[in-house]
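Understanding the architecture of this molecule
If you want the building blocks of each chain, they are given just below.
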Amino acid sequence: MAKIGVLVSGRGSNLQAIIDSCESGYIPNSKVVVVISNRENAYALERAKKHNIPGIFLNPKEYKNLEDYSQKLICIMEQYNVELICLAGFLLKLSENFIHRFKGKILNIHPALLPKFGGKNMYGHYVHEAVIKSGEKESGCTVHFVDEIYDHGEIIMQKKVPVFKTDTPETLAERILQQEHKIYPQAIKKVIEDLRLF
Ligand code: GRF
């Protein structure tokens, strides 16, 4: 059984897609065993609760710095024997220690076609605004491994969607989100098989 830990900050629709894919068996022999949020009111925590998955709010304000916070994250992941970590709309940067501890086992999804429109401060509506402003004809989403640099690690899977002249950041985000919910589970399934985690 591959044990997955998910880090979230908000709505959690990708978390939901991952939980559903584990429960349906689309991602075989796998289970989300813990969900951790840096925001207390993240709806993602409610989603975890509904599936009887421990949902933990870990308050960054209670830690001296990013290093200590990430150290606590490592402890929780180890406590739950997590083997694969999925960032699903998690907006905090992880420490280098955290990344080294789980190197090659941390995945993220980004709502654009990396390496374009990635990096620090490129998240949420900022990404879609930048894509529309630059006149791109297509955008999409990318699942990649996480390394020390924002949105930089090896790409696992991408899906393109068209950008229409009439698009607003919201309509484009919605079109991309529908694809995110498909490729994140696909990519997780692939990584679990490649790493033989089950
Ligand atoms: C998604 O667009 C994802 O690509 C980005 O943050 C958003 C999270 O949405 N990293 P949700 O919380 O999964 O609904």
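Just above, that's the structure.
Throughout what follows, the structure given in this document is the object of discussion. (Residues numbered from 1 in each chain as written. Predicted model: local features only at pLDDT ≥ 70, side-chain atom pairs only at ≥ 80, totals over all residues. Heavy atoms only, no water.)

This next bit is on the pattern of salt bridges. Taken as a whole and judged by the stated rule, the model has nine salt bridges. The closest approach of N and O atoms between lysine 116 and glutamate 136, which form a salt bridge, is 3.2 Å. Residue lysine 116 is located in the loop between β5 (106-110) and α5 (125-133), and its partner glutamate 136 is located in the loop between α5 and β6 (138-145); the two are separated by 20 residues in the primary sequence. On the basis of relative accessibility, which here comes to 45%, the residue lysine 116 falls in the partly exposed class. Among the ionic pairs, aspartate 194 bridges to lysine 190, the shortest N-O distance being 2.8 Å. Of this pair, aspartate 194 and lysine 190 both sit in helix α6 (residues 169-194), four residues apart, roughly one helical turn. (Salt bridge = Lys/Arg side-chain N within 4 Å of Asp/Glu carboxyl O. Helix = DSSP H or I, 4+ residues; strand = E, 2+ residues; numbered from the N terminus. Buried < 20%, exposed > 50% of the residue type's maximum accessible area, 1.4 Å probe, protein only.)

One broad rule of soluble globular proteins: the nonpolar side chains tend to lie buried together. Formed by 41 residues in total, the largest nonpolar core has its most connected members in Val6, Val32, Val35, Leu107, Tyr184 and Ile188. Those residues in contact with tyrosine 184 that lie beyond four places of it in its chain are Asn14, Ile18, Cys86, Leu87, Ala88, Leu107, Asn108, Ile109 and Val143. Counting residues in hydrophobic clusters, the runner-up holds 20 residues, among them Ile74, Ile76, Val82 and Val146. (Core = buried A, V, L, I, M, F, W, Y, C linked by side-chain atoms within 4.5 Å. Contact = heavy atoms within 4.5 Å.)

Quick look at the site of the ligand now. Around the ligand, the neighbouring residues are Arg11, Gly12, Ser13, Asn14, Gly89, Ile109, His110, Pro111 and Glu180. Serine 13 places a polar side-chain atom, nitrogen or oxygen, 2.5 Å from an oxygen atom of the ligand. Here an oxygen atom of the ligand and a backbone polar atom of asparagine 14 are 2.8 Å apart. Across the complex, the protein chains shield 83% of the 370 Å² of accessible surface that the ligand would expose by itself. Every element with two or more residues in the shell around the ligand is listed here: α1 (13-24) and β5. Class assignment of the residues belonging to the shell around the ligand gives a composition of two nonpolar, five polar and two charged. (Near = heavy atom within 4 Å. Polar contact = N/O pair within 3.5 Å; in protein donor to acceptor, adjacent residues only side chain to side chain. Areas by Shrake-Rupley, 256 points an atom, 1.4 Å probe, with all protein chains shown as cover. Nonpolar A, V, L, I, M, F, W, Y, C, P; charged D, E, K, R; others polar.)

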